[in-house]
Amino acid sequence: MVDASVVVVENVHRHVSDPRHQGLPRKCIILNAGREVARPVVFGIMIIIIVFMPILSFEGMEGKMFKPMAYTIMIALTVSLILSITLSPVLCYMSLRAGHNDPDPLVLRWAKRAYIPLLRWALGHRSIVLTTTALMLAGSIAVFPYLGTEFVPILNEGTMAPLTIRLPSISLGQSIKIEKEVQQAVMEFPEVQMMVSKIGRTELANDPQEPNESDSVAMLAPIDTWTTASTMEGLKDRVRERLARVPGANYLISQPIQQRVDELISGVRAEVTVKLIGPDLEVLRQTGDQIAGILRTIRGVKDLKIEQLFGQPYITIDIDRSKIARHGINVADVREIIATAVGGEAATRVYEEQRRFNLVVRFPEQYRNSIETIGNIRLSDRNGAFIPLSDFGTLQMHEGPGRINRDRLERYLPVSFNTYGRDIGGIVAEAQQRMAREVPLPDGYRVVWGGSFENMQRAMARIKIIVPITIGVIFVLLFSSFSSLRQAALIILNLPFALIGGIVALWITGEYLSVPASIGFINLFGVAVLNGIVLVSYMNALRQQEAKHVREAVLTGCVMRLRPVLMTALVALLGLVPLALSQGIGSEVQRPLAVVVIGGLVSSTFLTLVVLPVLYQWIEGRVAAPKSPPIVATGD
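Residues numbered from 1 in each chain as written. Predicted model: local features only at pLDDT ≥ 70, side-chain atom pairs only at ≥ 80, totals over all residues. Heavy atoms only, no water.

Looking at this structure, how should I read helix 15 (residues 485-492)?
In an α-helix there are 3.6 residues to a turn, and that puts residues three or four apart on one side. Among all positions in helix 15, only Gln 487, Ala 488, Leu 490, Ile 491 and Ile 492 are buried. The backbone nitrogen of Arg 486 has a side-chain oxygen 3.3 Å away, supplied by the residue at the start of helix 15, namely Ser 484. (Buried < 20%, exposed > 50% of the residue type's maximum accessible area, 1.4 Å probe, protein only. Helix = DSSP H or I, 4+ residues; strand = E, 2+ residues; numbered from the N terminus. Polar contact = N/O pair within 3.5 Å; in protein donor to acceptor, adjacent residues only side chain to side chain.)

This is the structure we're talking about:
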């Protein structure tokens, strides 16, 4: 936000403090100083605004999360640009004294003392500098595939949500009994302060679940008081080990908000979902078991859950139409008797003041709780004789599907899991390779990966398309600013310089390449281009206005622009250090962005001040070489 003002105020301060300008009106000095950097500042901030435009193309969850940030930054940058070229010169006129030659700060003197010899050496050893830079870039690109990928880092919500999944045929009483055992097991950990569980669904159907599933919320103590583990992932892993000793159920350990977000994304409360789509439930179950068997052997897969398609008891009544026809009974009559006797039917309505209730009649439980009792239900024929239901057909009990999931009218079986200690991208890549070799899919069946991985794929695919287009737009703006393809390409070369530090910073800190990290790289592009514009513009001005030789212009320009380049980099770097070191709620999302920008600023600033001058002298020197001395640079 302050980069533009830093450049303007620094240049005004330098002109006002310059003894050569003594005697000139202070307003004239400030006006000339502002004009000198106005063009590069305007183009630089415009480019920073443009580099945030790819974020506006995000869709789905990533769009809802990051579009407001992009809009805010773009609006704030626009306002800061306007203030830097209007308000900042006015404030300089009110506060800075003309002809007052302030000495450089101690830090800047140290920086110049180290930088000037380094710059002279680099200009004289072009091959070594460029070769070393190319090797650094190649090394960072080689590290890139090992970073690991994910959509968005998981937030530490300070609460834990164990999800218990039992057999579909379990009774409510047995379900409650197992849930109490789960609560007692989780409460053994001193980090858990309180635990509340829900089974089934309420009348409002908030977070609806089947009676065989229960959703729990465990409130945790502050993390600095934990003794079982020092991280949320470590604590969840210990809870998994303890719940494995509670028989009769499977468990999925997550967090309340994370569960709801995962469910909104894929319909399943897990980070990653393998959707096996096909028409036949039996084939889905068999193939799903094969997929689950592969996932169990992959490192990093936790809380594996395969949907229980079967296990729900059904009573099937097969009516013999020839038999009921001999007694003058219709199939509709049989169905009506069964529906009323077993399921119940509203016979009338009861009113109690302002409330009303349906009065439902059906057989007592002892006359409808088994195949035998249902088979003994009597139906009257046309002669008034009572005949048991079992005489009209066959009654049998069998297992059937407890739930049938559909996505776009197609049946699917979800196999879901959470991750622990490994990135989602690496897990899914390994699983896809093994499934392609070991699980042949029948015709008409296919696999779709959902959850956070689906969001990550969509966001990264959009970035791969939009970012090159944005770089092209930046190149056009640079060409319109400098009227030179060479210098536009020279500044674009700053972008790989920024990538080096960002990639290495992610690798050192163990952070994954996620959407926040990608946004950090996008932010780096703008800062790197701004520093390049400021440096190249001033070197061009020295060659055009003072007729300096290319090498002299490079040396003078780099030394004179050392302070604004360092200030813009340090302001951004120091502002992001708290985000990189923070441990509070939400820091997991902010940290990758801050790490990328900090690492990229270090490499981009160093290479901008060393490698960019070397390239500038090489490229511009070759153009100016045929001209006989004295060399007077006329630009492009």
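Looking at this model, I keep getting lost on the packing of aromatic side chains. Mind explaining?
The way to describe two aromatic rings as a pair is by their centre distance and the angle between their planes. Across all of its chains, the model carries zero aromatic pairs by this definition. Just above the ring of Tyr 538 sits the side chain of Arg 561; from NZ or CZ to the centre is 4.2 Å. (Phe/Tyr/Trp six-rings, centres within 6.5 Å; stacked < 30°, edge-to-face > 60°. Lys NZ or Arg CZ within 6 Å of the ring centre and 35° of its normal.)

Just to check I follow, could you spell out helix 2 (residues 26-51) for this structure?
With 26 residues, helix 2 ought to run about 38 Å at 1.5 Å a step, and its terminal C-alpha atoms sit 37 Å apart, in line with that. Its maximal kink placed at Ala 38, helix 2 deviates by approximately 40 degrees, while the proline Pro 40 follows within four residues. (Expected span 1.5 Å × (residues − 1). Bend = angle between axes of the 7 residues up to and from the residue.)

Can you walk me through empty space enclosed by the protein in this structure?
Summary: where empty space remains is shown by rolling a probe the size of a single water molecule over the atoms. Per the counting criterion, the structure on display carries one cavity of 30 Å³ or more. In this structure, the largest cavity occupies an estimated 40 Å³ of space. For the lining of the largest cavity, the elements supplying multiple residues, two or more each, are helix 14 (452-482) and helix 17 (515-545). In terms of residue class, the lining of the largest cavity is built from seven nonpolar, one polar and no charged. (1 Å grid on protein atoms, 1.4 Å probe; cavity = no way out; pocket = protein on both sides within 12 Å on 5 of 7 lines; lining within 4 Å. Points joined across faces, edges and corners; volume = space filled by probe spheres on them. Nonpolar A, V, L, I, M, F, W, Y, C, P; charged D, E, K, R; others polar.)

Hey, could you run me through the side chain of Ser 216 in this one?
In this structure, Ser 216 sits in strand 3 (residues 213-220). A distance of 2.9 Å separates the side chain of Ser 216 from the side chain of Glu 179, its partner in a polar contact. Polar contacts involving the side chain of Ser 216 include one to the side chain of Ser 197, which spans 2.9 Å.

For this particular structure, what's the right way to read the side chain of Gln 487?
You can see Gln 487 is positioned in helix 15. Within the structure, the side chain of Gln 487 is placed 2.6 Å from the side chain of Asn 540, a separation counted as a polar contact.

What am I meant to see in the layout of surface pockets here?
As a volume, the largest pocket reaches approximately 910 Å³. Taken together, 35 residues make up the lining of the largest pocket; nearest its centre are Ile 154, Asn 156, Glu 233, Glu 588 and Arg 591. Going through the elements one at a time, helix 7 (232-243) and helix 20 (587-624) are the ones with two or more residues in the lining of the largest pocket. If one sorts the elements of the lining of the largest pocket by residue count, helix 7 sits on top with four residues. Looking at side-chain class alone, the lining of the largest pocket contains 13 nonpolar, 13 polar and nine charged residues.

Teacher, can you tell me more about the nonpolar core here?
Core analysis: the biggest nonpolar cluster contains 125 residues, and Ile 45, Trp 449 and Leu 478 have the highest contact counts within it. Once residues within four sequence positions are removed from consideration, Leu 478 is found in contact with Ile 47, Ser 483, Ala 488, Ile 491, Ile 492, Val 529 and Ile 533. In this structure, Ala 185, Ala 229, Val 239 and Ala 249 belong to the second largest nonpolar core, which totals 22 residues. (Core = buried A, V, L, I, M, F, W, Y, C linked by side-chain atoms within 4.5 Å. Contact = heavy atoms within 4.5 Å.)

Before we go on, may I ask you to explain the environment of Thr 273 in this structure?
Position of Thr 273 relative to the elements: it lies in strand 5 (residues 272-277). By relative accessible area, Thr 273 is classed as buried at 0%. Residues Thr 273 and Pro 592 lie 319 residues apart in sequence; the distance between their C-alpha atoms is 25 Å.

Before we go on, may I ask you to explain unusual backbone geometry in this structure?
Negative phi values dominate among residues other than glycine, just as trans dominates among peptide bonds. Its identity is not glycine, yet Asp 303 carries a phi of approximately 55 degrees, on the positive side. Its location among the elements puts Asp 303 in strand 6 (residues 301-306). Overall, Asp 303 belongs to the buried group, its relative accessible area being 9%. One non-glycine residue, Leu 409, lies in the positive phi region at around 70 degrees. You can see Leu 409 is positioned in the loop between strand 13 (405-407) and strand 14 (410-419).

Sorry if this is basic, but what is going on with the sheet that holds strand 4 (residues 250-254) here?
As a general point, the strands of a sheet are linked pairwise by backbone hydrogen bonds and lie either parallel or antiparallel. Here four strands make up an open sheet; going across it, the order is 2-3-1-4 and the pairing antiparallel. At either margin of the open sheet sits one strand with a lone partner, and together these are strand 2 (192-199) and strand 4. Direction aside, neighbouring strands of the sheet carry axes that sit 20 degrees apart on average. Across five bridges, the pairing between strand 1 (residues 159-165) and strand 3 is antiparallel. Within strand 3, the residue paired with Thr 164 across the bridge is Ser 214. Each of strand 1, strand 2, strand 3 and strand 4 is contacted by helix 6 (residues 172-186), which is oriented at about 165 degrees to strand 2, the strand it contacts most. With respect to the sheet, helix 7 is in contact with strand 1, strand 3 and strand 4, its orientation differing from that of strand 4 by roughly 165 degrees. (Pairing = 2+ DSSP bridges. Axes fitted to C-alpha atoms, helices over the stretch in contact; angles between N-to-C directions.)

Hey, could you run me through the pattern of salt bridges in this one?
All told, the structure shown has 20 salt bridges when counted by the stated rule. Taken together, the salt bridges that share partners define one network made up of Glu 10, Glu 36, Arg 561 and Arg 563. (Salt bridge = Lys/Arg side-chain N within 4 Å of Asp/Glu carboxyl O.)

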